Amino acid sequence: MSAAEPGRPGPPGRPGEVLVSFREVSKVFRTGSGRAAREVRAVDDVTLDVHRGEIFGVIGYSGAGKSTLVRLINGLEPVTSGSLTVAGVEVAGRTETELAPVRRDIGMIFQQFNLFTSRTVAGNVEYPLKRAGWDKERRRERVAELLEFVGLASRAGNYPEQLSGGQKQRVGIARALATSPELLLADESTSALDPETTQEVLQLLQRVNRELGITIVIITHEMDVVRTIADRVAVMQDGRVVEHGPTVDIFARPRTETARRFVSSVMHTVPDERDLERLRRAHRGRLVIVDVGDGIDIGGPLSDGAAHGVRFTIAYGGISVLQEQSFGSLTLELTGPDPAVQDVVEQLARVTEVREVAA
Ligand SMILES: Nc1ncnc2c1ncn2[C@@H]1O[C@H](COP(=O)(O)OP(=O)(O)O)[C@@H](O)[C@H]1O
Ligand SMILES: [Mg+2]
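Each value, and the rule that gives it
- Counting restarts for each chain: residues are numbered from 1 in the order of the written sequence.
- Chain letters and ligand numbers both follow the written order, the letters beginning at A and the numbers at 1.
- In view of the model being predicted, local features appear only for residues whose pLDDT reaches at least 70, and side-chain atom pairs are presented and counted only at 80 or more, with totals across whole chains, interfaces and linings using the full set of residues.
- Only hydrogens and water are removed before side-chain values are computed, so all heavy atoms of the structure are retained for them.
- We call a residue near a given molecule or strand whenever any one of its heavy atoms falls within 4 Å of it.
- Here a polar contact is taken to be a pair of N or O atoms separated by no more than 3.5 Å, where protein atoms must pair a possible hydrogen donor with a possible acceptor and residues adjacent in sequence count only if both atoms sit in side chains.
- Reported accessibility uses the Shrake-Rupley method at a 1.4 Å probe radius. Residues are deemed covered only where the shown protein chains occlude them.
- Secondary structure is summarised from DSSP: a helix means a run of H or I of at least four residues, a strand means a run of E of at least two, and numbering begins at the N terminus for each.
- Residues are grouped as follows: Ala, Val, Leu, Ile, Met, Phe, Trp, Tyr, Cys and Pro are nonpolar; Asp, Glu, Lys and Arg are charged; all remaining types, including Gly, are polar.
- UniProt positions are given in the numbering used here, feature names are shortened, and annotations may be inferred rather than shown by experiment.
- For the purposes of this description, domain bounds are those given by an automatic or database domain assignment.
- Whether two residues are in contact is decided by their heavy atoms: any pair within 4.5 Å suffices.
- Accessible surface is computed with a 1.4 Å probe, and the buried area is the amount of it that two parts give up when combined, taken over both parts together.
- Just to be clear on terms, a salt bridge is a Lys or Arg side-chain nitrogen sitting within 4 Å of an Asp or Glu carboxyl oxygen.
- Using a 1.4 Å probe on the protein chains alone, a residue whose accessible area is under 20% of its type maximum counts as buried, one over 50% counts as exposed, and one in between counts as partly exposed.
- In this description, strands pair whenever DSSP reports at least two bridges between them.

1. Side note on the site of ligand 1
Stage number 1. The full set of residues close to ligand 1 is Phe29, Thr31, Val40, Ala42, Tyr61, Ser62, Gly63, Ala64, Gly65, Lys66, Ser67 and Thr68.
Stage number 2. Within the backbone of Gly65, a nitrogen or oxygen atom sits 3.0 Å from an oxygen atom of ligand 1.
Stage number 3. Note that an oxygen atom of ligand 1 is positioned 2.8 Å from one of the side-chain N or O atoms of Lys66.
Stage number 4. Alone, ligand 1 offers 560 Å² of accessible surface; in the complex the protein occludes 62% of this.
Stage number 5. At the level of secondary structure, the elements contributing two or more residues to the shell around ligand 1 comprise strand 1 (18–31), strand 2 (38–51) and helix 1 (66–73).
Stage number 6. Residues of the shell around ligand 1, tallied by class, amount to five nonpolar, six polar and one charged.

Next up, the structure:
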């Protein structure tokens, strides 16, 4: 993928231009009636922009409202309140007929692939083209081109049951791309796949984004998916977007407990409670956790400390690279004369985030 970096081929439209805009959007499901009536606020007051040309991740635990959020975009679920626009067109309050042109510009893929089992691979990919009224010759060419793109040219005549999960999802992607949408919605599109196949499908989605300039909204409960391909990410909890921003920023500085838990599910650089207990037992000096990464120089404070009899040991930590930026965290044990150790801690706090581990 590095060949396409850093200046990715410009997707159509200006960079940073808004493609999908949520303004105070809520979706309330009402079920039952009378005393059994129940309201579920599946999406709760969400304000968010998806930019043209980006891969936008939405992460959250089961029931957070992720699927509902994307189903609002293509009008599969009507918005209860607020404003939602796609390419400048208001989606809220539209009838099915009015939604048709908006939907033509949006493709979708699913966790369970949702292929037609009675149609061949080519037949599945051809289906939306038939519906859009393409003639036979153009359909044949387009299907061949799409199958080539997803690497399944030799499988055109197979039926879905003859394919692996990864291949099925490639068919799903080819079908979703058939009518050249500007936006692709992917709902847990790799959740049914093993880790290796997941990476293959994510790389294909990255090509869809970079080579075809298609904006992607990808929903997942796996932080690894976000880490691998999302430019920006929104963290959802109880229908709300509790945090959103560039993926790198969320990884480097998660602000909510939910985001911290997702980040620590893939970044094992910060000790958890059990690790801390063990560290406290094994180290008698002062323990501090410091953020490290590009542009953070902890060497200065540490060598100044050495001159005043302060020694340090790295007790825990790790550094990793995400989208060309390094970041991570180190847990340091500092030993030496108390005032000198205190001085080092204060100097470190001037160059980075420092958290003290209570003794
Ligand atoms: N059609 C529906 N009718 C009633 N409740 C629903 C419906 N769809 C989703 N919900 C509820 O909305 C909440 C969010 O669901 P969903 O968007 O599927 O979350 P996620 O995709 O994050 O797992 C859940 O409490 C779910 O039970
Ligand atoms: Mg879901």
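2. Notes on the UniProt feature "domain: ABC transporter" (unreviewed entry) in the protein
Stage number 1. Residues given the UniProt feature "domain: ABC transporter" (unreviewed entry) here are residues 20–263.
Stage number 2. Across residues 20–263, the secondary structure splits into 38% helix and 28% strand, with the terminal C-alpha atoms separated by 26 Å.

3. A short note on the domain arrangement of the protein
Stage number 1. Each domain of the protein was delimited in the assignment, giving domain 1 (2–105 + 181–266) and domain 2 (273–357).
Stage number 2. The straight-line distance from the C-alpha centre of domain 1 to that of domain 2 is 37 Å.
Stage number 3. Each partner contributes residues to the interface: domain 1 has nine residues there, and domain 2 has six residues.
Stage number 4. Of the roughly 660 Å² buried at the junction of domain 1 and domain 2 (both faces included), carbon and sulfur atoms supply 58%.
Stage number 5. Its largest share of buried area at the contact with domain 2, domain 1 owes to Arg227, Val248 and Phe251, together 60% of the area lost on that side.
Stage number 6. The interface formed by domain 1 and domain 2 includes zero salt bridges.
Stage number 7. Our count for the contact surface shared by domain 1 and domain 2 stands at zero residue pairs in polar contact (both at pLDDT 80 or more).

4. Overview of the pairing of strand 11 (residues 286–293)
Stage number 1. Judged by how many residues are buried, strand 11 sits mostly within the fold: seven of eight residues are covered.
Stage number 2. Pairing geometry for strand 11 and strand 13 (residues 325–335), over eight bridges, is antiparallel. Considered in strand 13, the bridge of Val290 is made with Leu330.
Stage number 3. Note: strand 11 against strand 14 (residues 354–357), four bridges, orientation antiparallel. Note that in strand 14 the partner of Leu287 across the bridge is Val357.

5. Quick notes on the pattern of salt bridges
Stage number 1. Considering all chains together, one arrives at 20 salt bridges under this definition.
Stage number 2. One connected set of salt bridges, linked through shared partners, spans Glu17, Arg52 and Glu182.

6. Things to note about unusual backbone geometry
Stage number 1. Located in the positive-phi region is Phe113, a residue other than glycine, with phi close to 70°.
Stage number 2. Its location among the elements puts Phe113 in the loop between strand 6 (106–110) and helix 3 (121–131).
Stage number 3. On the accessibility criterion, Phe113 (9% relative accessible area) is buried.

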